[in-house]
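# Examining the three-dimensional arrangement
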Amino acid sequence: MEVGSLPVELWRLILAYLPLPDLGRCCLVCRAWRELILSLDSTRWRQLCLGCPECRHPNWPRRPHLPPVSWREALRQHALASRTWTQNGSDLHSSACLHLFRRRKDRRVWHAGTVAGGGYETLRGALAAAGPYDKVVLHAGVYEEQVEVSLKVPVEIVGLGKLGDVSLLVSFDQQCPTVRLCNLVFMPAWFSPVVYKTSSGHVQLDNCNFEGCQLHIRGPGTCQARFCSFAQGSSAHFLGVAISLMDSCEFSGGDSASVTVEGAPVSERNWAFKHLLALAKTFNMMTSNGSTEISNQGGKDSVGAGSHVNTPVEGVNTMEDWNKQEVDWEANWAKQKGGDGLLSSQDGTMIEEDRMETSSESSEVDDEQDDEKSTCLKLSYDQHGLAHLSKADTPDSSAFPALLSLSAELQRDAEARDLAASVQGCLLRRCLLRDGKGGVHLCNHGQARLEANVFRGLSYAVRCIQNAKMVMLSNEVCGCKASGVFLRLSAQGLIAENNIHSNGEAGLDIRKGANPIILCNRIHSGLRSGIVVLGNGRGSIRSNQIYGNKEAGVYILFNGNPVVSGNHIFQGLAAGIAVNENGRGLITENVIRQNQWGGADIRRGGDPVLRDNFICYGYSDGVVVGERGRGLIEGNHIYGNRGCGVWVMSSSLPQLIGNHITHNRMYGLAVFCRKDTESAVNREGYRGPENFNEERELMAWESDIDSEDERFSSRRPITVALVENNCISHNRAVGVYVKSSEPLNVVANMVNSNRGDGVSVIQSAQLTRLVGNCVLCNGWTGVTVDKECRVELRGNGVYSNNCHGVCFRGDGLIVENDVVGNNAVGIRVMDNADVKVLRNRVQALQGYGISVKKRVRGVVQENLIYQSLSASTKTPIRTNKQNLECVVLNNSLLTPRSQALWVLDNPPPRPHNSNPSSVTPTTLPANLTITMTNRITASVESGCHNNGSIFCSIL
């Protein structure tokens, strides 16, 4: 018969009445008929699937309102899975010569209960009569046995009617190779809460309910449960199982863990192992082909996740977008405060001081201006040693490292690849675990694989301890009262492509030697931190999206030492990454953006490696190094933050090396000496340690810290905070702001194009060394040193700043610097400064080369003053003739013959290299006319100034 002889719609109407066997036969007729039968997926196949008494909706219990991808495929998978229990080879005849005629023995059907025309009254009687692989049909009613029932032959027990019509108050002990239970309700017998147990055989549970009872499976026994409900505190216990499958089951209302997996898988295998393994691998293939199923549908069922669960707001992508938001934000702030838009009174005060200083010196600069500006000859300094840093561009979102997919991560990581492919222990797939105390508990070397499950409204979702190992793929974990996933006591595993959100504590809690691999998850909307690593916890945290958490996205403390790499951590209500209380870790190549507090917060013994990250667009500081913070902060892009680029407390010992700190709204780098106060806490983004005492357990951190991981201890130890080889540019206030009570080394940095001073030292009780830096084109003074500050300037290049080159009021040295092209005085020493100005090369475009004012003490000696106006008759060094405590001698004035020869050479422009302090003293350049300035001699009191000048300690 040709299909085309009738309309397709009419054929579909006719075929809708065929039973399942006839539909199968029609598929074998021809290709056209097969396609016609397959087109009935949403009609006849759906009707057959929902009408099967042995299964429920294919998406039950997680999303029964959503249809499956294919109703026919769902029915096919059910048919294959429901026959696993009959695959035992022992029921075949053993005659080798009759192998072609092997067949299964005829199965008989036995009835129990109230049956018209006969049957057994009790379940025990029916089971006693049943032979191997017979079927026992239980009619509606309640069956109760007063003693344990032993199953000694393979048998199938099926409840007749709807689920709930047949209830068993029976405790089964399986002693046979295989059993199937279907359409039954289990309730505990009076003498035991365990309704079923096996230690060697295989049991298959289809469409059963467990109410207030327990299921016990001990290896090498196996279990396959499908479409079962564990309610009223029911639970499943697996001890040493090699493999067991729990598919599409629901667990609810328990006062302990719903599923407990304990003990390492036994080496002994029963007959069902290979069949369950093959079935589990088909599950894995389906999961890999449709791994985005839970991601695409998870947002609809997320508890409190909001509309941004699947598509988190990306926010600002470019500096132009950010600047536009900055203008709007500043305007709104100014309206509310009635001010000029400054973020804080502290910042405003700093800028006001600079303006007052400039205005007070305006007369000095105006006196030196000349009508011959057109003849002003500028020294060239473009070839200085840090020229490459001045060309750094500000990145935008296109420069962010992309999040890798799970497949890409698995290709890079052999260990993660092996874990993803492993199938051993208990496999939970497409289950719903809700409204109880615990979800899955793994302990004592237990193993489990969790795929596409939903954990909702529990105290905790998964707890993995005592060397247990798990693989957790494509699950949703939400609404937990405590943390979503706990890993402790050397637990391991792979946690990938999960949606973990809206939990009361951390999304993931890793401690006490646990070392998981965490890949490609979305961890968001938590009431506290996203991931917490503490108590010697480790782990590899890669390619995750961590956003919208109320506390730190990643929180490392109490000697936690993870690798945090390639993640996007954004839109958090606190810090992006917080490392406190002796936490460590390797934090590399992350995008940390748009967080309310510091992008990275390090304090109280925190000592991480923070390398090659993008820390940007934050609503506070980029990096905060608080009290007693340490760490190596290297190669990061820190830009577009509304606070400082890097905020450092002077009691900390960080190493800032090779960072790009640009376009921040306040200071590029700020070093303060005040302690953590309550007001500072609110600004810096630190609330103190969370309550990490899980279930009122007292955590003895002192014993954990003793076994420290030394994988990052190879970096050089330091005793002084180090700022080296950074580019600090285009910030809206001072480039480097120092108000410190501890020593500080600032070496070989490019500080350029900041709106305020290049470097401003307001307080420095101990020595601050500025060595080999390039301070270029800043909006105010190049380097400012306030009263009573101890500072050494050596080998720096201070070029083309809008005001003075160096303004020095403190104590220290200004040695072998190039101070060229600044718009006011080159080097200005004033107030009661105690300083030596030695062997510098100075050119000021409008003011004096060197100005010594008020009661300055010290020496100005062997400096080269380059005259910028060829016809100028002004003296290049201005001094206070009444000051007898400052010696000015052997300084040289250089005038050019031509612009072509007007360059800095022998040596070339400073800074020279990463170690400028080793540069030899300046010698006079060739081809220049040399005129010695008038020597101002003054008597110097014997001994040191103030009972011990700074010169005694430096020289």
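Residues numbered from 1 in each chain as written. Predicted model: local features only at pLDDT ≥ 70, side-chain atom pairs only at ≥ 80, totals over all residues. Heavy atoms only, no water.

### Observations concerning the overall build of the protein chain
Selection rule: Only DSSP runs of H or I covering at least 4 residues are called helices, and only runs of E covering at least 2 are called strands; the numbering of each starts at the N terminus. Each residue is placed in one exposure class: buried if its accessible area under a 1.4 Å probe, protein chains only, is under 20% of its type's maximum, exposed if it is over 50%, and partly exposed if it falls in between. In this analysis, two residues are considered to be in contact whenever any of their non-hydrogen atoms come within 4.5 Å of each other. Values of accessible area rely on a 1.4 Å probe in the Shrake-Rupley scheme; residue burial ignores everything except the protein chains shown.
Assigned secondary structure in the protein chain consists of 16 helices and 76 strands. A burial count over the protein chain gives 58% of its 955 residues as buried. Excluding contacts between residues fewer than 6 apart, the proportion of contacts in the protein chain whose partners are at least 24 apart in sequence is 55%. Only carbon and sulfur atoms are counted for the fraction: they give 50% of the accessible area of the protein chain, which is about 37700 Å².

### Description of a nonpolar patch on the surface
Applied cut-off: Patch construction takes residues with relative accessible area above 30% that form no salt bridge. Like charges are linked within 9 Å, and nonpolar side chains (Val, Leu, Ile, Met, Phe, Trp, Tyr) are linked within 5 Å. Within this document, salt bridges are pairs made up of a side-chain nitrogen of Lys or Arg and a carboxyl oxygen of Asp or Glu, the two lying within 4 Å of each other.
On the surface, Leu-6, Leu-10, Leu-13, Ile-14 and Tyr-17 cluster together to form a nonpolar patch covering roughly 490 Å² of accessible area. Relative to the assigned elements, Tyr-17 resides in the loop between helix H1 (8–15) and helix H2 (20–27).

### Description of the side chain of Asn-754
Its place among the elements puts Asn-754 in the loop between strand S57 (750–752) and strand S58 (759–764). Contacts of Asn-754, omitting those with residues within four sequence positions, involve Ile-728, Ser-729, His-730, Asn-731, Ala-733, Val-734, Gly-735, Cys-777, Asn-778 and Gly-779.

### Focus on the confidence of the model for the protein chain
Let me state the cut-off plainly: pLDDT measures the predictor's confidence residue by residue and takes values from 0 up to 100.
Per-residue confidence for the protein chain averages 81 on the pLDDT scale, and 77% of its residues sit at or above 70. Here residues 365–374 scores under 50 on pLDDT; set against residues more than four positions off or in separate chains, the count is twelve contacts. Across residues 695–714, where pLDDT falls below 50, the model places 42 contacts with residues more than four positions away in sequence or in other chains.

### Notes on unusual backbone geometry
The linkage connecting Trp-60 with the following residue, Pro-61, adopts the cis geometry, with an omega of 5°. Tracing the chain through its elements places Pro-61 in the loop between helix H4 (41–51) and helix H5 (71–82). Here the residue pair Asn-906 and Pro-907 is connected by a cis peptide bond, since its omega of 5° sits within 30 degrees of zero. Locating Pro-907 in the fold gives a position in the loop between strand S75 (892–895) and strand S76 (929–932).

### A word on the packing of aromatic side chains
The description of an aromatic ring pair rests on the distance of the ring centres and on the angle between the ring planes. Let me state the cut-off plainly: Aromatic pairs are defined between Phe, Tyr and Trp rings, using the six-membered ring for Trp, whenever the two ring centres lie within 6.5 Å; interplanar angles under 30 degrees are classed as stacked, those over 60 as edge-to-face, and all others as tilted. A ring is considered to have a charge above it if a Lys NZ or an Arg CZ atom is located within 6 Å of its centre and within 35 degrees of its normal.
In the structure shown here, the tally under the stated rule is 16 aromatic pairs. Ring geometry for Tyr-667 and Tyr-737: centres 4.4 Å apart, planes at 20°, overall stacked. Remark: Tyr-737 occurs in strand S55 (residues 736–740) and Tyr-667 occurs in the loop between strand S51 (660–662) and strand S52 (669–672); sequence separation between them is 70 residues. Judged by centre distance (5.5 Å) and plane angle (40°), the rings of Phe-672 and Tyr-737 are tilted. With Phe-672 in strand S52 and Tyr-737 in strand S55, the pair connects residues that are 65 residues apart, well separated along the chain. Of the two residues, Phe-672 and Tyr-737, both sit in the buried class. Its guanidinium or amino end placed over the ring of Phe-570, Arg-593 lies 4.3 Å from that ring's centre, counting from NZ or CZ.

### So, H4
Put simply, the rule is: Throughout, the arc means that of the directions going from the helix axis to the C-beta atoms.
If you check which residues of H4 are buried, you get Asp-41, Arg-44, Trp-45, Leu-48 and Cys-49. Looking straight down H4, one finds that the buried residues subtend no more than 130° of arc, so they occupy a single side. Pointing more than 90 degrees away from the buried face of H4 are the exposed residues Ser-42 and Gly-51. For H4, the elements touching its buried residues are H1, H2, helix H3 (31–38) and H5.

### Considerations on the pattern of salt bridges
Note that side chains of opposite charge can pair when their charged atoms are close. Tallied over the full model, the rule gives 29 salt bridges. The shortest N-O distance in the salt bridge between Lys-197 and Glu-148 comes to 3.3 Å. A residue pair is termed long-range when its members are at least 10 positions apart, and Lys-197 in strand S10 (residues 194–198) and Glu-148 in the loop between strand S3 (141–144) and strand S4 (149–151) qualify at 49 residues. Taking relative accessible area as the criterion, Lys-197 reaches 32% and is therefore assigned partly exposed. A salt bridge links Asp-831 to Arg-809, with the nearest nitrogen and oxygen atoms 3.1 Å apart. You can see Asp-831 sitting in the loop between strand S67 (827–829) and strand S68 (834–838) and its partner Arg-809 sitting in the loop between strand S64 (806–808) and strand S65 (811–815), a full 22 residues away along the chain. The two residues Asp-831 and Arg-809 agree in class, both being buried. Ionic contacts of the salt-bridge type, sharing partners, join the residues Arg-107, Glu-156, Arg-180, Asp-206 and Arg-226 into one network.

### Considerations on the environment of Leu-277
Locating Leu-277 in the fold gives a position in helix H7 (residues 273–289). Taking the C-alpha atoms as reference points, Leu-277 and Ala-242, 35 residues apart in sequence, are found 9.7 Å from one another. Contact partners of Leu-277, with chain neighbours within four places excluded, come to Ile-243 and Val-423.

### Thoughts on H5
Applicable threshold: Under the convention used throughout, the expected extent of a helix is 1.5 Å for every residue step, that is, one less than its residue count. Pairing of N or O atoms within 3.5 Å defines a polar contact, subject to two protein rules: one partner must be a possible hydrogen donor and the other a possible acceptor, and residues neighboring in sequence count only if both atoms are side-chain atoms.
With twelve residues, H5 extends 16 Å from end C-alpha to end C-alpha; this agrees with the ideal 16 Å at 1.5 Å per step. For H5, every residue scored as buried is listed here: Trp-71, Ala-74, Leu-75, Gln-77, His-78, Ala-81 and Ser-82. Taken around the axis of H5, the buried residues stretch over an arc of 160°, which confines them to a single face. With a side-chain oxygen positioned 3.5 Å from the backbone nitrogen of Arg-72, the residue opening H5 is Ser-70.

### Quick notes on the environment of Cys-443
Position of Cys-443 among the secondary structure elements: in strand S22 (residues 438–443). As a C-alpha pair, Cys-443 and Asn-467 span 24 residues in sequence and 7.0 Å in three-dimensional space. Residue contacts for Cys-443: discarding those within four places in its chain leaves Val-261, Glu-262, Gly-263, Ile-465, Gln-466 and Ala-468.

### Quick look at the pairing of S65
Regular strands place side chains that alternate from one sheet face to the opposite one. Operational definition: Pairing between two strands requires that DSSP report at least two bridges joining them.
Across the five residues that make up S65, a large majority, four, are buried. Relative to S65, strand S62 (residues 790–794) runs parallel, the two sharing five bridges. Residue pairing for S65: Leu-793 is matched across the bridge by Ile-814. Both S65 and S68 contribute to a ladder of five bridges, which runs parallel. By the bridge assignment, Val-815 is partnered in S68 with Leu-838.

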